[in-house]
Each structure stands twice: as C-alpha cells, then as structure tokens.
Amino acid sequence: MHPTRLTAAVAALALSASLATALVGPATAATPQAQPVPPGHGKALALAAADQAASSGLDELRHGADEDLVRTSVTPWANGLYYASYERTYRGLPVVGGDAVVVSDSSGKVREVTGAPAPAIRVSTKAKVTADAALATARGQLASVESASAPELTVLLKGGKAVLTWHTLVIGRTAKDAPSSLDTFVDARTGTVARATDKIADADGRGYHNGNVTIDTAATSMTDPNRSGLRCGGQNGGTYTGSSPWGNGGANDLVTACVDIMYTAQREYDMLKQWFGYNGQNGQGGMVPAQAGLGDVNAYYDGTKTTFGHNQQNANQLTGIDVVAHEYGHEIFDKTPGSSGSSNENGGMNESTGDIFGALTEAFANNPNDTPDYTVGEKVNFFGDGKPIRYMYNPSLANNDPNCYTQLTSGTEVHAAAGPQNHWFYLLAEGSNPGGGKPSSPICSGGPSSVTGIGIQKAGKIFMGALLMKTSSWNHPAARRATLSSAKNTYGSAECNAVKAAWNAVGVPAQSGETDCGGTTTPDFSLALNPSSGSVQPGASVTSTVNTSTTGGSAQTVQLSASGAPSGVTVSFSPASVTSGSSSTMTVQVAAGTANGTYPITVTGTGSATHTVTYQLSVGGTTPPTGCDSTEYTYQGTLASGQAQAQPDGSYYYSATSGTHVGCLRGPAGADFDLYLQKWNGSAWADVAVGGTAGADEDTSYYGTAGYYRYVVHAYSGSGAYTLGLSAP
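### Section: the overall build of the protein
What the protein contains, in helices and strands, is ten helices and 36 strands. A total of 729 residues make up the protein; the buried ones form 50% of that total. Look at the contacts in the protein between residues 6 or more apart in sequence, and 66% of them connect residues 24 or more apart. Accessible surface computed for the protein: about 28700 Å², of which carbon and sulfur atoms make up 48%.

### A closer look at the nonpolar core
Grouped together as the largest cluster of nonpolar side chains are 50 residues, with contacts concentrated most on F276, F357, L360, Y374, W424, F425 and M464. Residue assignment for this core shows that the elements contributing at least two residues are α4 (254-276), α5 (321-335), α6 (344-365), α7 (419-430), α8 (456-467), α9 (476-490) and α10 (493-505). With seven residues, the top contributor of residues to this core is α8. C258, Y263, M287 and V380 belong to the second largest nonpolar core, which has 32 residues in total.

### A closer look at the pattern of salt bridges
For the coordinates displayed, the defined rule picks out eleven salt bridges. Ionic pairing is found between D216 and R227, a salt bridge with its closest N-O pair at 2.7 Å. Taken as a pair, D216 in strand β12 (residues 212-216) and R227 in the loop between β12 and β13 (232-233) lie far apart in primary sequence, eleven residues in all. Classification of D216 as buried rests on a relative accessible area of 11%. For R227, a relative accessible area of 5% corresponds to the buried category.

### Some details on the side chain of D370
As for its position among the elements, D370 is in the loop between α6 and β17 (375-376). Leave out the neighbours within four places in its chain, and D370 touches N210, I321, D322, E362, E378 and K379.

### So, the pairing of strand β7 (residues 152-158)
The element β7 is extensively covered by neighbouring structure, given that five of its seven residues are classed as buried. Relative to β7, strand β3 (residues 93-96) runs parallel, the two sharing two bridges. By the bridge assignment for β7, V96 is matched with L156. Alignment of β7 against strand β8 (residues 161-173), held across seven bridges, turns out to be antiparallel. By the bridge assignment, L157 is partnered in β8 with A162.

### Observations concerning the environment of P434
Assignment of secondary structure puts P434 in the loop between α7 and α8. Judged by relative accessible area, which is 26%, P434 ranks as partly exposed. With 17 residues separating them in the primary sequence, P434 and V451 have C-alpha atoms 9.2 Å apart. Beyond its immediate sequence surroundings of up to four residues, P434 is in contact with Y426, P439 and S440.

### With respect to the sheet that holds strand β16 (residues 306-308)
Where strands meet in a sheet, backbone hydrogen bonds hold them as pairs that are either parallel or antiparallel. Spatially, the four strands line up as an open sheet ordered β13-β14-β16-β15, and their pairing is mixed. Strands with a single pairing partner mark the edges of an open sheet, and in this sheet they are β13 and β15 (299-301). Seen against the sheet, α4 touches β13, β14 (290-292) and β16 and runs at an angle of roughly 145 degrees to β14. Contacts between α5 and the sheet are confined to β14, β15 and β16, with β15 contributing the most and set at about 20 degrees to the helix.

### Looking at the packing of α9 against α10
One way to put it is that α9 packs onto α10 with a least axis distance of 7 Å and a crossing angle of 160 degrees. Considering the angle they form, α9 stands roughly antiparallel to α10. Our pair here, α9 against α10, has a crossing hand that is right-handed. Seen from α9, the contacting residues are H476, A479, R480, T483, L484, A487 and K488; seen from α10, they are S493, E495, C496, V499, K500, W503 and N504. The residue makeup of the contact of α9 with α10, split by class, is six nonpolar, four polar and four charged.

### Regarding the sheet that holds strand β28 (residues 633-639)
As summarised here, the arrangement of the four strands in space is β28-β36-β31-β34, forming an open sheet in which the pairing is antiparallel. Edge positions in the sheet fall to β28 and β34 (697-704), since each of these pairs with one other strand and no more. Going across the sheet, the axis of each strand differs from the next one's by a mean of 15 degrees, ignoring polarity. Sheet topology note: the β28/strand β36 (residues 720-727) ladder contains seven bridges and is antiparallel. Each residue of the ladder has a partner; that of Y635, found in β36, is L724.

### Describing the environment of S655
Along the polypeptide, S655 turns up in strand β30 (residues 653-655). By relative accessible area, which is 0% here, S655 ends up buried. It is 6.2 Å that separates the C-alpha atoms of S655 and P729, two residues lying 74 residues apart in sequence. In this view, S655 contacts H661, A706, G707, Y709 and P729; residues no more than four positions away in its chain are not counted.

### A closer look at the side chain of E67
Tracing the backbone shows E67 in strand β1 (residues 67-76). For E67, a relative accessible area of 5% translates into the label buried. In this structure the side chain of E67 is engaged in a polar contact, spanning 2.8 Å, whose partner is the side chain of R88. With residues near it in sequence (within four places) discarded, E67 still touches R88, T89, Y90 and I121.

### Brief notes about the packing of α4 against α8
For any two helices packed against each other, one specifies the inter-axial angle together with the distance between the axes. Two elements in contact, α4 and α8, have axes separated by 10 Å at closest approach and are oriented at 95 degrees. In this view, α4 runs roughly perpendicular relative to α8, as classed from their interaxial angle. Between α4 and α8, the contacting residues are L272, W275 and F276 on the first element and Q457, G460, K461 and M464 on the second. Of the residues contributing to the contact of α4 with α8, the split by class is four nonpolar, two polar and one charged.

### Concerning the state of the cysteines
With the rule as written, the count across this model stands at four disulfides. For C496, the disulfide goes to C517, at an S-S distance of 2.0 Å. On the S-S bond that ties C496 to C517, the torsion sits near -70 degrees, and the link is left-handed. Here C517 lies in the loop between α10 and β19 (524-530) and C496 lies in helix α10, a separation of 21 residues in the sequence. For the pair formed by C496 and C517, the shared burial category is buried.

### Remarks on α7
Helix length check: α7 (twelve residues) gives 16 Å between terminal C-alpha atoms against 16 Å at 1.5 Å per residue, within 8%. Taking burial as the measure, the twelve residues of α7 include twelve buried ones, the bulk of the element. Those residues of α7 lying buried are G419, P420, Q421, N422, H423, W424, F425, Y426, L427, L428, A429 and E430. Along its buried surface, α7 packs onto α6, β18 (390-391), α8, α9 and α10.

What counts as what
Starting afresh in each chain, residues are numbered from 1 along the sequence in its written order. This being a predicted model, a pLDDT of at least 70 is required before a residue's local features are given, and a value of 80 or more before pairs of side-chain atoms are given or counted; all residues contribute to the totals for chains, interfaces and linings. With hydrogens and water excluded, all non-hydrogen atoms of the structure serve as input to the side-chain values. Numbered from the N terminus, helices here are DSSP runs of H or I no shorter than four residues, and strands are runs of E no shorter than two. Think of it in three bands: residues with accessible area under 20% of the maximum for their type are buried, residues over 50% are exposed, and the middle band is partly exposed, with areas taken using a 1.4 Å probe on protein chains only. The contact criterion used is simple: two residues touch if any of their non-hydrogen atoms lie within 4.5 Å. For every accessible area listed, the method is Shrake-Rupley and the probe measures 1.4 Å; residues are considered covered only by the protein chains on display. Only buried Ala, Val, Leu, Ile, Met, Phe, Trp, Tyr and Cys residues count toward a nonpolar core, and they belong to the same one when joined by side-chain atoms within 4.5 Å. Here, a salt bridge means any Lys or Arg side-chain nitrogen found within 4 Å of an Asp or Glu carboxyl oxygen. We treat two strands as partners when DSSP finds at least two bridges between them. Axis lines are fitted to C-alpha atoms, over the contacting stretch for helices. Their N-to-C directions set the angle, which ranges from 0 to 180 degrees. Note that the term roughly parallel is reserved for angles under 35 degrees, roughly antiparallel for angles over 145, roughly perpendicular for angles of 65 to 115, and oblique for everything else. Each helix crossing is assigned a hand: it is left-handed if the near helix lies turned anticlockwise from the far helix by less than a right angle, otherwise right-handed if that turn is clockwise. Under the scheme applied here, ten amino acids are nonpolar (Ala, Val, Leu, Ile, Met, Phe, Trp, Tyr, Cys and Pro), four are charged (Asp, Glu, Lys and Arg), and all others, including Gly, are polar. In protein, a polar contact requires one atom able to donate a hydrogen and another able to accept it; more generally it is a pair of N or O atoms within 3.5 Å, and residues adjacent in sequence count only if both atoms are side-chain atoms. By definition, disulfides here are pairs of cysteine sulfur atoms that lie within 2.5 Å. An expected span of 1.5 Å times one less than the residue number is assigned to each helix.

Following this line, the structure appears as structure tokens:
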C-alpha cells in the first residue's frame, strides 16, 4: 500500500454530482439511498471545483509531474463565491513562488484562475550544504541573534529558475542596532544567501497631504513587503531607496509623494480586506506599482502602474487620499469580471468606481488631515481654484455634470458621466437629507420623495459584490440589477429596498428580471446533469440524472427533451416532465453497430424559460472488467492515469444504520487503481477504508455508523475501464 497516494486529484472530487464533468460511467444498478446534502455542501462544491482545476493544471495552475498545488486558504464572498489560494510543492518540498488562486462558486463552477509565473521545476532535492552550515550563514547576517528557526529544505523560485535552499527565519539586531527579522534562503548547493527579506515592515514617513503616517516598506526601499506588487518610485520605473523616516513633508518632494501614495494604497487594501473580505485591489493579494513625478497636471492608471503628477500651479503633488484611491479604484474595476468596457457610459462608471473607492478609503482611514467626505480632489487643488473636481452628492456643482441617468448621452465625457452612479452611491450611503453637517442630495424627476441611507460600509460592500457580477457590457441598468442582487444576498430586504430607492432617485428604471426585495422573483429554474458524460458499448445503454431546481418564483413544470443524438442512439426520460426541484432519469440507448466516437447530446428543459445542458456520450472503447457480481450495486467508468472519480455516479449515499460497507474494484490489466471509502465528517470527506495495493483490483470492508459515504476510484498509474461493486447497510 502507498501511504501518500491520495493526491489532489482525489481530494478534488465533488461533494455531490455537480462535478460530473470529471466523472465517467453510470450506475448499472439502483443507487443506495440518497439523503439531503450534508451541511456545508455549497462551500464543498466550490472548493471541489477549485481543487479539480488545481489537480488538472488548468491554465496558470499548470505544474509538472513532480509538483502539486496544495490549498492553503479560502476567502468566502457574497453570492456563493469563494477564493481559494494554493501553494506549490515539489517532490514533497514546499515551493516559495508559483502560488495560485482559483475563484469558484457554490454550484461547483470555476470562475477564474490566476497564478504566479512558475518555471518548470527541475532541480535535485539532495542538499550539498548541511542544515547546520546553512543556519550559521543565516545567523551571520545579523550582529546579534535572538532566535532562529530550524532550517527547512525549500525550493525557491528566483529569477525564473528553481533553487534548492534552506529556509530559516533569523530574529535579532543589525550592526546599526536596528531590529531585524530576516526571512532567509541559503542556497543548499553553494552555501550562499539566495535571498533574505527583512520582515520588519513598519516604517515612518512624512507625507504632505496626510501628515506623519506609518507605512509598510522594506528596510531600504519603498517596496511593500506584505502587499504584492506595491512599490513606489520615479518616472524611470525604479523604486526609491533609503531608510525610515521616508520623505521630508515637502509639497513637491517626490519621496514624500510616495509616502502619501503608499499610505493610501495600503489603507485601501486594508479596507477591501477588512470591510469586504476582498483580497487586494487586483483581487489576488496585490496591486500595480506607483510612479510619482509626472510632469503634467494628471494622475492615471494604465493597467500596469499608477502615475501621479502635480497640480496646475505645480505647488503640490496630486497624491491626496481620494486621488490615489481613485486611481487604484480603476484597478479594482479593471480586475473584476468584464474588465473595462469601451463605451462612454462604461467609462463613466469606471470613473465613478474610482470616486467611490476614494470616498470609501477616506472613511476607512479617517485621517484628521483629510477628513472623510464625498468630494473628489478637494485637498490637492487641481486647478488652483481651491475647489473639488467632482461632488458626489450633487454632481452638477462641477461643470454642470449630470446628476441623473436620463441626462447622459453617448457623447458625455467620461468624467462627467461618473455623475449618476456617484449620486446613487451617496444616496445609498447617506440618504437625501442625512443631517449631521453632511450635505443634502437632490432627487431626480420621478424619483421618491426621499431616500434613507444605510451607511458607507454597507453601501461599499453591496457595490463591491456587484462588481463581481460585472460584464464587458456594464451599464447603469446592469448595475441596478447587480446591486439589488448583491444587497439581497449580502444583507436582506431592507438594504435591497434602499438600493432600489437610490437608483429610482437618479432615474435608472426598474429592469426585467431584477431581484424582488420582498423575496419573490420571476419564475425560473435551473438544469444540471449527473453525470454530464458517459461511456457505453454498442448494444448497451447508459443513464444520467437530470436535476432541476427552482431559482425564481414558484415551482413549475419542466418538459425534458434531447437533440443531437447520432444515428442509432435514442434518448428517453422517466418521467418526461418534472416539477422543478425534482429529477428525471435519462436513458441513452445505443444500438448495436453504432459507430465508435464521442457525441454531444443537448438536453433541453422547457418551462417559463428554456435552458439547455450538454451530455457527452462516448461510444466504444475498452470493455469494463467483471468480477464484482456478488455486490449489491455496480458502477462502471473509464479513467486516464492520474484521474479520480467518485461513486455512486459522482455523488454519495446515506447509510441510515450501522453496518458493513463492502467495496469491490476491478481495474484494467496492468494498471494500478486504488479504492477509497470516505465518510463525511461534517466539513470534509475523510478516508475510512483504503485499498491501495500496487495492482488493478482492490477490495475493502468497513464497519461504520450511520452517515454519508462515497467511494473514490483513483488511477494511480495506467488507464482504462473499471467496475466498482458496493454493498451498504
């Protein structure tokens, strides 16, 4: 038996049938009793989808045969989204670099994949330098050492290459008697320091707009050690070097400007994380770098960096909180789904997004030198007239910008086009007559008599949740639908109604199919197959379960039909129509003589709307082996080397009483297939019986209490068809 054979390919399998695309082969007998899905199934489905993407090396998750991606953290978001982060390992050793994040949802779909660039790792794992020698080298960097962790053999990705290192953390003081916490990697072949990073992050800076503040920098450069990508320098693209305290507080000192920039970028990052649970401006734990000293009256984001110039009189740099947070707000808009569109309306909403995150960051920072407000650029005096460049509570106060959606035209300049959404956000956060010294806000023609605000933090989270639903065709009606959904899913009907009132107040009308804040929606249903693919020999049949669910309004009748089947293949449903929330068994009968091949079959559900799913039918191939005839239920499938499959039918079964669970696996000759019996422990699947010999056939027997169970078949090596038999109490 191989004790480490349960790889990510096995761990990636779904809690239920939503990952049917990874599954092959239907049941050939009745399935054991299924019960309601165990608690936490939505999260389990999302993470199973992410793990499956990681194990299969999807996109940036690609990795070599000796590498694995291990899930290390999960960040939940509104609307059932989860951000799962992964760290790489190589032949069992940790890898620093090459980490990744997968975004998936509670229906088991992968939404996005991103990963740090990682070269193909080909390095010996045998160290020529001893751990003791490496530790001595690491300790030698400091004048005095308080403590040092035991060195751990680690693969460091550096400069596009993999380096075998000893990793240790050395804490002490430098020759200048400064505190230091050196995260050190010593080359395990040469004995030299491959990389050493001081984890002492807090540094002082003298800002111009924000006063004396604390920022996170490296010991000798304006590089943030905690937030990926953030660094600040001049127009040559370099990073300012020196030491704390940074800057001199001068209006046009560029290091001082970088203090203001880094202070705001870090506060915005922290606001996203603490208020919304969102992982940095780029959604993946970081942001683009910044450049100060632009010789122009401008500040901008270009997809690779933010750049900041000076005001009209060249009296100070344009690095106030709302200006910096605005530019990084563009990155948030750019890095959420749909990126940045091309229309003026979309561009205006992008500008508004920057303004909204400027207001949010001012509120979060609550800096007495730049008190929170809903004006833009009031501290930097852009044009020397002492006025803000935009007023969110009443956009018309600047250049007669439009307050209302009905005032927009296709030619409205993008900064002016920020008006309606800015106006909406202020009304949602503060209301039309907030009091307490905050300005009143007008209501557009046809709107409600007044709007009551819900607070800026709630308004911000609703807006952030809506951005995660953004598409490239993003416009005000789409934003209305998304923010209503976000409010209802995140908070409830009161906040949803506040969102609706604020949109009504700026003239964005109700949209077809938008969320009903009272709890009802337009009748609708969803459709899914379990499994969504299957293999069968000519002259035989294969089955799949068609699952439906009610997603809006009351349950309804759904008629099922199929199209696209090749000659010799017939598809039937039992029953042919179901009430949404129920399921039907689809039988695909393949006549003798049907040509081998893979055929997509479209399954259509027709009710108040029409939805389709696709079943991938494979005809021919390897005949599954026999030998499990004495078991109660039989399942068949086909696996390639390294793949895994859950049974029964990609799902699980429920045993209502204690008793013996018997598993019988018969795999292809010459292959090495393993069998795992797993039990749901309330939060994850845990192995309770393992058949892991170095052969194709496995038998397990386990006496267990009542609960949820499933079998996992894993092709450790070799490929082909298998048969699984099981008996359950």
